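Descriptive structure summary
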Amino acid sequence: MRLLFIGDVVGKPGRQLVAQLLPSFLQEGQVDLVVANGENAAGGLGITPEVAAELFALGVDVLTSGNHLWDKKEVMPFLDREERLLRPLNWPGDPPGRGSLIMQSRSGIPVAVVCAMGRVFAPVLLDCPFRALAREVERLRAEARVVLVDFHAEATSEKVAMGWFLDGRVSAVIGTHTHVQTADEAVLPGGTAYITDVGMTGPWHSVIGMRTETIVQRFLDQLPSRFDVARGPRQFNAVVVDVDESTGMARSIRRLFHREASSPAGPAQGSLDAGP
Ligand SMILES: [Fe+2]
Ligand SMILES: [Fe+2]
């Protein structure tokens, strides 16, 4: 079976690009389950019930998240009633929502999806993601052989360590949060597909999705400023993981990296067979 994981969808440009590309992937029966990180889907910061509904309607089956999940306050009550939107599993205390779910793929196979956050350079004091994921994966594997982990973290070392830690226990460990796709995708020796960061889906002429001028000015003057989502050509970053559903281990992981032309902006091509 093939799982499609779409990197952090940033604002309306990101959602529009998902709308443009995802239907053809699904029509051609190329993917059995679609997961997208939605922490930046509403105006670049957070997610709202309306934006989540828009992504679900396009064919996204599960939305994962991260540190920006809480940026729009409407999300708090929504997390308790929408199980397809995951919060970080190891967020401390007792926040609303849940960090994992099991759902049926389009071909009827149970698939577990888990979302957790790294602690290195994290903006809050999180519970240990290694212990939290070890426990959760053990529990989920009793019901689903196929397990996909979104590990939302800043430090490359922590993400690489998590890949090795979970190798042979989950189908895939997909890194998110830094918004820049890495070229280290591999199936590890135990059978876990891994990539340090899947990248982002949204404005390309931007600083990880946000308007370049604003962010550069912030680095120059160190004063707080309002971030807004950039415009212009867009990029679609994702991975496709092929999993042997009888063992839950990965056969392959392939990066998708589409960029629209700088000028004039042209449409991205919607084929899962295009290489990076
Ligand atoms: Fe993000
Ligand atoms: Fe993040």
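Everything in this summary refers to the structure shown in the same document. (Residues numbered from 1 in each chain as written. Chains lettered and ligands numbered in written order. Predicted model: local features only at pLDDT ≥ 70, side-chain atom pairs only at ≥ 80, totals over all residues.)

**Some thoughts on the overall build of the protein**
Convention followed: Numbering of helices and strands runs from the N terminus; a helix is a DSSP stretch of H or I covering at least four residues, while a strand is a stretch of E covering at least two. Note on method: radius of gyration uses C-alpha positions; expected globular size equals 2.2 Å times residues raised to 0.38.
The number of helices and strands found in the protein is six helices and 13 strands. Over its C-alpha atoms the protein spans a radius of gyration of 17 Å, differing by no more than 12% from the 19 Å that the globule rule assigns to 276 residues. Judged by the C-alpha coordinates and their principal axes, the protein covers about 50 × 45 × 35 Å.

**Concerning helix α6 (residues 212–221)**
Let me state the cut-off plainly: The burial label depends on the number of other C-beta atoms within 10 Å of a residue's C-beta. Counts of 20 or more mean buried, 12 or fewer mean exposed, and intermediate counts mean partly exposed, with C-beta atoms placed from the backbone.
Within α6, only zero of the ten residues are buried, which leaves the element largely exposed. Within two residues after α6, Gln222 carries a phi angle of roughly 60°, on the positive side.

**Some remarks on the pairing of strand β7 (residues 146–152)**
In regular strands, side chains alternate between the two faces of the sheet. For clarity, the threshold we go by: Paired strands, in this sense, are two strands between which DSSP finds at least two bridges. Orient the strands so they point away from the viewer, and a crossover whose first-strand-to-second-strand path over the helix runs clockwise is right-handed.
Of all seven residues that make up β7, seven are buried, and the element is covered over most of its length. Neither face of β7 is open: one carries Val146, Leu148, Asp150 and His152, the other Val147, Val149 and Phe151, and all of them are buried. Sheet analysis places strand β6 (residues 110–117) next to β7, joined by seven bridges and oriented parallel. By the bridge assignment for β7, Ala116 is matched with Phe151. Where the polypeptide runs from β6 across helix α4 (residues 129–141) and back to β7, its parallel neighbour, the crossover connection is right-handed. In terms of strand pairing, β7 meets strand β8 (residues 172–176) through five bridges, oriented parallel. Residue pairing in the sheet places Val149 in a bridge with Val173 of β8.

**What to know about the nonpolar core**
Soluble, globular proteins show a tendency: their nonpolar side chains are buried together. The following threshold applies: Here a nonpolar core is just a set of buried residues of the types Ala, Val, Leu, Ile, Met, Phe, Trp, Tyr and Cys, joined wherever their C-beta atoms sit within 7 Å.
Counting residues in each nonpolar core, the largest one holds 71 residues, and the members touching the most others are Leu3, Phe5, Val114, Val149 and Ala172. For this core, the element with the most residues is β6, which contributes seven residues.

**A look at the sheet that holds β6**
Rule in force here: We call two residues in contact when their backbone-placed C-beta atoms lie within 7 Å. To get an axis, fit a line to the C-alpha atoms, keeping to the stretch in contact for a helix; angles then go from 0 to 180 degrees between the N-to-C directions.
What the six strands build is an open sheet, ordered β5-β6-β7-β8-β10-β9; its pairing is mixed. The outermost strands of the open sheet, each flanked by one partner alone, are β5 (100–104) and β9 (186–187). Contacts from α4 reach β5, β6 and β7, with the element oriented near 170° to β6. Each of β7, β8 and β10 (193–195) is contacted by helix α5 (residues 156–166), which is oriented at about 170° to β8, the strand it contacts most.

**Quick word on the environment of Thr247**
Positionally, Thr247 belongs in the loop between β12 (234–244) and β13 (249–259). In the structure, Thr247 is positioned 79 residues away from Gly168 in sequence and 10.0 Å away in space, judged by C-alpha atoms.

**Side note on the environment of Val243**
Along the chain, the position of Val243 falls in strand β12. Owing to 28 C-beta atoms within 10 Å, Val243 belongs among the buried residues under this scheme. As a C-alpha pair, Val243 and Asp127 span 116 residues in sequence and 30 Å in three-dimensional space. Those residues in contact with Val243 that lie beyond four places of it in its chain are Met1, Leu3, Val146, Ser171, Gly248, Ala250 and Arg251.

**Observations regarding the packing of helix α1 (residues 11–27) against helix α2 (residues 49–58)**
When two helices pack together, you describe them by how their axes are tilted relative to each other and by the distance separating the axes. Stated precisely, the cut-off is as follows: Angular relationships are summarised with four words: roughly parallel below 35 degrees, roughly antiparallel beyond 145, roughly perpendicular across 65 to 115, and oblique for the angles in between. Crossing chirality is assigned from the near helix's rotation relative to the far helix, an anticlockwise turn below a right angle marking it left-handed and a clockwise turn marking it right-handed. In this classification, the charged set is Asp, Glu, Lys and Arg, the nonpolar set is Ala, Val, Leu, Ile, Met, Phe, Trp, Tyr, Cys and Pro, and all remaining amino acids, among them Gly, are polar.
Across the interface, α1 lies against α2 with an axial gap of 10 Å and an inter-helix angle of 15°. In terms of orientation, α1 and α2 fall into the roughly parallel class. You can see that α1 and α2 cross each other, and the crossing is left-handed. Along its contact with α1, which presents Arg15, Val18, Ala19 and Leu22, the element α2 presents Glu54, Leu55 and Leu58. For the contact of α1 with α2, the per-class residue count stands at five nonpolar, no polar and two charged.

**Brief notes about the packing of α4 against α5**
Interhelical geometry of α4 versus α5 gives an angle of 30° and a closest axis separation of 11 Å. Taken together, the axis directions place α4 and α5 in an arrangement best described as roughly parallel. The way α4 lies across α5 gives a crossing that is right-handed. Together, Pro129, Phe130, Leu133 and Val137 of α4 and Met162, Phe165 and Leu166 of α5 make up the contact between the two elements. Taken together, the residues that form the contact of α4 with α5 break down as seven nonpolar, no polar and no charged.

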